[in-house]
Every structure is written in C-alpha cells, then in structure tokens.
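A closer look at the structure
Residue strings, one per chain:
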Amino acid sequence: MRIVLLGAPGSGKGTQAAKLQEKHGAPQISTGDLLRAAVAEGTELGLKAKAAMEAGELVADDIVVGMIRERLEAPGSDSGFILDGFPRSHAQAASLDEMLTKLGRPLEKAVHLVVDNEEIMTRLLERKRADDTEATIRHRLEVFESQTRPVVNYYAAQGKLATVTGVGEIDEIFGRIEQAVGV
Ligand code: B4P
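This is a predicted model, so every value here is computed, not measured.

1. Quick notes on the site of the ligand
Taken together, 27 residues lie near the ligand, and P9, G12, G14, G32 and G85 sit nearest. Elements supplying a minimum of two residues to the shell around the ligand: α1 (13-24), α2 (31-41), α3 (44-55), α6 (117-127) and α8 (170-181). Grouping the amino acids of the shell around the ligand by side-chain chemistry returns 10 nonpolar, 11 polar and six charged.

Okay, here's the thing in structure tokens:
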C-alpha cells in the first residue's frame, strides 16, 4: 500500500492512518508526530519547527521534505507507506513525486477526508492539544484552503484522488477508505 491521506486539521487522518497500519501492515508516517517528537526532544529541527506549529503555520518545506526523504529512502522501507499530513503544499507534492519516481514506487492513491469546519472545531477543541485553540484552528483551516487545497487538485489532475466523507463512526469511515483504496 502506497497512499497519502489528505484533509483539513481534525479530519481524522491520524486516526485512520493508525487503523490502516494495524490492519494492512504499511507503516504510518505522520509529519505532525515526527515534528512533535523533534520539538519534545529539543533538537535543532524541533526548535525551528516549534514557532510555526504553535502559530498554525506550515513548517518550512525543506525541513519536512528532508524528514520524509530519510524515511522513504531508509533501507528496508519498501513495505509501502501511509503518509499522514504530508504533502501539505504543492512543492511538497512535487518533491514526493520526484522521490517516488527515483525509487520506482509510484503513489497509488491520495485519499481526501472531507469534514465540515464546524465538526472540525468541535473535535479539536475537545482534544486540547497545544495548537488546538480556537484562533489557531481557524488559522490552520485557512492554511489548508490556501496551501493544501492545491495538493488535492494536483492529485485530482493525476487521476489519483479519492474523496471520502470523513463524518460518521470511525469504523464506517475506515470501510469507505478501504473501498476507495481497493483493499
Ligand atoms: P498534524 O499533526 O498533521 O495535525 P492536524 O492537521 O491537526 O491533523 P491531526 O492528525 O491532528 O488530526 P486528525 O485528522 O487525526 O499537524 C500539526 C502541525 O504540524 C501543522 O499545523 C503544521 O504546523 C505541522 N506540519 C505537519 N505536517 C506538515 C507538513 N507536511 N508541512 C508543513 N508543516 C507540517 O484528527 C484528530 C482528532 O479528531 C482526534 O481528536 C480524533 O479523536 C478525532 N476524530 C477522528 N475521527 C473522528 C470521527 N470520525 N468522529 C469524531 N472524532 C474523530
């Protein structure tokens, strides 16, 4: 399985990627989790990422692309992937295509989980993560529209986009994703 999960913050990418990993074996690679780990460890990369994350901005493309490159090119990493939260900009999507072409492992599908903004606000305010304040969530939704919506269009143009309704029971949404991916 070689797929990308796209969606606004709180659309359920992390939740569904973990379930796909558990059932289908391909590893979940979450840029959000990798960045939060770097921040918690206080690495140089983490220090650079911290301010952007707290403000609800995207972390610089070169940092995030570098992290993904390291994971995808690591020895033994040919068992596929479920990318969760990456790519989030047109430049990241183009870099991913370049990496996968070089590795001879093209992307199979990009799944876009669609959830309305009101539901997103409710979910994230319940979660109470450091970047889950109302103002930051609103800004992250704007960033999704301006910077990540072009990624959705990019995969649509390639004929690889599957649009899945992300509202409902978690298992029900999981079934819709499996059907969209064909597993
Ligand atoms: P992420 O960690 O990716 O955070 P997110 O977009 O808010 O998605 P998240 O994984 O939290 O939400 P999910 O959809 O799983 O990114 C955080 C920050 O890191 C970004 O703002 C950015 O600064 C930086 N970053 C990450 N990747 C980057 C990149 N590629 N480039 C640049 N910067 C990057 O939803 C989770 C919540 O919804 C949970 O509480 C869950 O319980 C709930 N939920 C899930 N499914 C549900 C359902 N069906 N019903 C009800 N609730 C549900």
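2. A closer look at the confidence of the model for the protein chain
Detailed reading of the predicted coordinates is not advisable wherever pLDDT falls low. In the predicted model, the protein chain carries a mean pLDDT of 96, and 100% of its residues have values of at least 70. This prediction of the complex comes with two scores: 0.95 for pTM and 0.91 for ipTM.

3. Description of the nonpolar core
If you look at soluble globular proteins, the nonpolar side chains tend to sit buried side by side. One finds L5, I82, L83 and V111 to be the most contacted residues of the largest nonpolar core, which totals 32 residues. Broken down by element, this core gets its largest block of residues, four residues, from strand β1 (residues 2-7). Excluding residues that lie within four positions of it along the chain, I82 makes contacts with M1, I3, L5, A17, L20, Q21, A26, P27, Q28 and I29.

4. Some details on the sheet that holds strand β4 (residues 109-114)
In a beta sheet, neighbouring strands pair by backbone hydrogen bonds and run either parallel or antiparallel. Taken in spatial order, the five strands of this open sheet run β2-β3-β1-β4-β5, and their pairing is parallel. The open sheet has two edge strands with one neighbour each: β2 (28-30) and β5 (161-165). Pairwise comparison of adjacent strand axes, ignoring direction, gives a mean angle of 25 degrees for this sheet.

5. A closer look at the environment of L6
Considering the arrangement of structural elements, one finds L6 in strand β1. In this view, L6 contacts A110, V111, H112, T148, V151 and V152; residues no more than four positions away in its chain are not counted.

6. Overview of the UniProt feature "binding site: AMP" (unreviewed entry) in the protein chain
Sequence positions flagged by UniProt for "binding site: AMP" (unreviewed entry) are, in local numbering, T31, R36, E57, L58, V59, G85, F86, P87, R88, Q92, R129 and R140. These annotated residues cover 110 residues of sequence, and their C-alpha atoms reach 25.1 Å apart at the extremes, leaving them scattered rather than at a single site. You can see P87 is positioned in the loop between β3 (81-84) and α5 (90-103). Setting aside its immediate chain neighbours within four residues, P87 contacts V4, Q92, A93, L96 and V151. Looking at where Q92 falls in the secondary structure, it is placed in helix α5. When neighbours within four sequence positions are excluded, Q92 is seen to be in contact with D61, V64, V65, F86 and P87.

7. Some thoughts on the pairing of β4
One ladder, built from five bridges, connects β1 with β4; its direction is parallel. Residue L5 lies in a different strand from β4, and its bridge partner there is V111. Here β4 runs beside β5; their pairing, made up of five bridges, is parallel. Note that in β5 the partner of V111 across the bridge is A162.

The rules behind these values
Residues numbered from 1 in each chain as written. Predicted model: local features only at pLDDT ≥ 70, side-chain atom pairs only at ≥ 80, totals over all residues. Near = placed C-beta within 6 Å. Helix = DSSP H or I, 4+ residues; strand = E, 2+ residues; numbered from the N terminus. Nonpolar A, V, L, I, M, F, W, Y, C, P; charged D, E, K, R; others polar. pLDDT = per-residue confidence, 0-100. Core = buried A, V, L, I, M, F, W, Y, C linked by C-beta atoms within 7 Å. Buried ≥ 20, exposed ≤ 12 C-beta atoms within 10 Å, placed from the backbone. Contact = placed C-beta atoms within 7 Å. Pairing = 2+ DSSP bridges. Axes fitted to C-alpha atoms, helices over the stretch in contact; angles between N-to-C directions. UniProt positions renumbered as here; feature names shortened; annotations may be inferred.

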